[in-house]
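Summary of the model geometry
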Amino acid sequence: MGEKNHALKLLVIDDSPRNLELITGALAQNGLQILTASDPEAGFEIFLRTRPQIVVIDLIMPKVSGMELLERIAAIDPGTDVILMTGQYSPETAVEAIQKGACDYLTKPLDLDKMRHRINSLLKDAESRRRAVQLDRELIDTFQFEGMIGRSPVILETFARIRRVAPHYQTVLVSGATGTGKELVARALHHLSPRASGPFVVCNCSALVETLLESELFGYVRGAFTGANQDKVGIFEQANGGTVFLDEIGELSLPAQAKLLRVLQQREVQRVGSPVSHTVDVRVIGATNRQLRTMVAEGGFRDDLYYRLSMVEIPVPRLIDRKEDFPLLQKYFVERFAKQYDKPVRGITRRAQLLMAEYSWPGNIRELENVIGNAAMMTQGNTIDVSDLPAPLNGVAIEEDAEDQALLSLQEVQNRHLRKVLERVNGNKARAAEILGISRTTIYEMLAKINASKSGDSGTKAAGAAR
């Protein structure tokens, strides 16, 4: 019974019992389970229950035509190989069938040798795909490094730098675009360091309010200010014996940079409201998606802090620079979300993969993760197809993008881009702020201006904006 469950399946749907018997006899072979149905609705139920790799359908049947059945099957699982059969051949119908997802179109009376050859070819393809899936799974295991996956030269070099740096660093700068995996790099550095058993404390510098930054980083004593009802340990003391990860360190103000530099130099922190200094033994990893060297030249970042942080720098490549990793990453995320959502999603159609390969992925790995996670949630079948992808990938927004941008004001271009980014991240303003390289406060201010301008528009325009 176990062998049968792993056998390749072929479903034949034809209202003629004679044809079913003929085809079954011609195609019978080891390793192939042949299922048959003389009623199209019953055949579709068998398809939903067994999910065969190949389906052979008669074009002309009572109640439901073969073309309609093809459309239903393609909508559920576009990865299924479907062959249509008909005794009333026409070039127009053949083209329509291919456009709707059929892989072949055979005429009756059937040439059984030709049919046998075509089925065997499809079976070999199906077996190759099954083997490719198995190899991909093995490759994921082989090329997984501290939660990161890749085999491209640039990412393998990143892995090698992490291994070399981890045992020795005191401060490290991890640089790279938003969504490239800088926090994963930081966690790998900590896990491979002698401090692995110590705490790993994350601080998102862009989320710290300037007035509370010092107390968050260094702590405070009771009575230091209104509302300080008890002593509070700061992030550096929390991480004592371990690692502090300062994400988006380029967002720190110049006064905050000066205070951070003092801690890095003296390895001491002083809680707000206390004259006593506390020694801390921590390693510090800073991460940024900004060009700190340029910020130093423009006076936006202290040069002494930059040189102390960047004594060792690990750049993280963009996704577009490591496209060799695409198949592995796609497979990894599909399997992860299929398990998370408890859905039988097993892959991505070739046409969807082509669209994804042509996309620029400005949000990098995080955007790829979000796209596949959303698609795995939305798909009704076993395979992610073009229709399951969000608008920027499946072409829905092409008409709007084709509008003459030269006639838009800079303010309107900015507003449109903000709306697109918010749509892409499902309204998550913190993530939109990361992608745009601005603070959440700035996003709220921009949205307030957009809403204020809408209030003066006509009712029709306001209704359109609400949509």
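Structure first, text after, so check above.
Residues numbered from 1 in each chain as written. Predicted model: local features only at pLDDT ≥ 70, side-chain atom pairs only at ≥ 80, totals over all residues. Heavy atoms only, no water.

**A closer look at the overall build of the protein chain**
- For the protein chain, the count of helices and strands is 22 helices and 18 strands.
- Computed over the C-alpha atoms, the radius of gyration of the protein chain is 29 Å, more than 25% above the 23 Å expected from 2.2 N^0.38 for a compact globule of 467 residues.
- Counting only C-alpha atoms, the protein chain reaches 95 × 60 × 40 Å along its principal axes.
- Pairs at least 24 apart in sequence give 67% of the contacts found in the protein chain among residues at least 6 apart.
- With an accessible surface of roughly 23,900 Å², the protein chain has 51% of that area assigned to carbon and sulfur atoms.
- Computed over 57 positive and 59 negative side-chain charges, the inter-centroid distance for the protein chain is 4 Å. (Helix = DSSP H or I, 4+ residues; strand = E, 2+ residues; numbered from the N terminus. Rg over C-alpha atoms; globule rule 2.2 N^0.38 Å. Contact = heavy atoms within 4.5 Å. Areas by Shrake-Rupley, 256 points an atom, 1.4 Å probe, with all protein chains shown as cover. Lys, Arg positive; Asp, Glu negative; His and termini not counted. Charge placed at Lys NZ, Arg CZ, Asp CG, Glu CD.)

**Side note on the side chain of Asp325**
- Inspection of the secondary structure puts Asp325 in the loop between β16 (313-315) and α14 (326-341).
- With a relative accessible area of 0%, Asp325 lands in the buried category.
- What Asp325 contacts, discounting residues up to four positions off in sequence, is Gly150, Arg151, Ser152 and Ile155. (Buried < 20%, exposed > 50% of the residue type's maximum accessible area, 1.4 Å probe, protein only.)

**Details of the pattern of salt bridges**
- Applying the stated criterion across every chain yields a total of 23 salt bridges.
- With its nearest N and O atoms 2.8 Å apart, the salt bridge here joins Asp113 to Arg116. Residue Asp113 and its partner Arg116 are both found in helix α6 (residues 112-142); the two are separated by three residues, about one turn of the helix.
- Across the pair Glu183 and Arg187 runs a salt bridge, and its minimum N-O distance is 2.9 Å. Highlighted residues: Glu183 and Arg187, both in helix α8 (residues 182-191), separated by four residues, approximately one helical turn.
- Overall, the relative accessible area of 30% leaves Glu183 in the partly exposed class.
- One connected set of salt bridges, linked through shared partners, spans Asp14, Asp58 and Lys108. (Salt bridge = Lys/Arg side-chain N within 4 Å of Asp/Glu carboxyl O.)

**Concerning the nonpolar core**
- In terms of nonpolar packing, the biggest core is built from 31 residues, with Leu217, Phe236, Leu246, Ile249, Leu260 and Phe301 touching the most fellow members.
- Those elements that provide at least two residues to this core are β9 (200-204), α9 (210-218), α10 (235-238), β12 (243-247), α11 (254-266), α12 (292-297) and α13 (303-309).
- If we ignore the near neighbours within four places in the chain, the residues touching Leu217 are Cys203, Leu208, Gly234, Ile235, Phe236 and Leu246. (Core = buried A, V, L, I, M, F, W, Y, C linked by side-chain atoms within 4.5 Å.)

**So, the sheet that holds β9**
- Read from one edge to the other, the open sheet built from five strands follows the order β9-β12-β15-β8-β16, with strand pairing classed as parallel. Of all the strands in the sheet, just β9 and β16 have a single pairing partner and so form its edges. Each adjacent strand pair in this sheet contributes to an overall mean axis angle of 20°, direction not counted.
- Both β9 and β12 contribute to a ladder of five bridges, which runs parallel. Each bridged residue has a counterpart across the sheet, and for Val201 the counterpart in β12 is Val244.
- Its contacts with the sheet place helix α7 (residues 153-165) against β8 (171-175) and β16, and it is angled at close to 160° to β16. (Pairing = 2+ DSSP bridges. Axes fitted to C-alpha atoms, helices over the stretch in contact; angles between N-to-C directions.)

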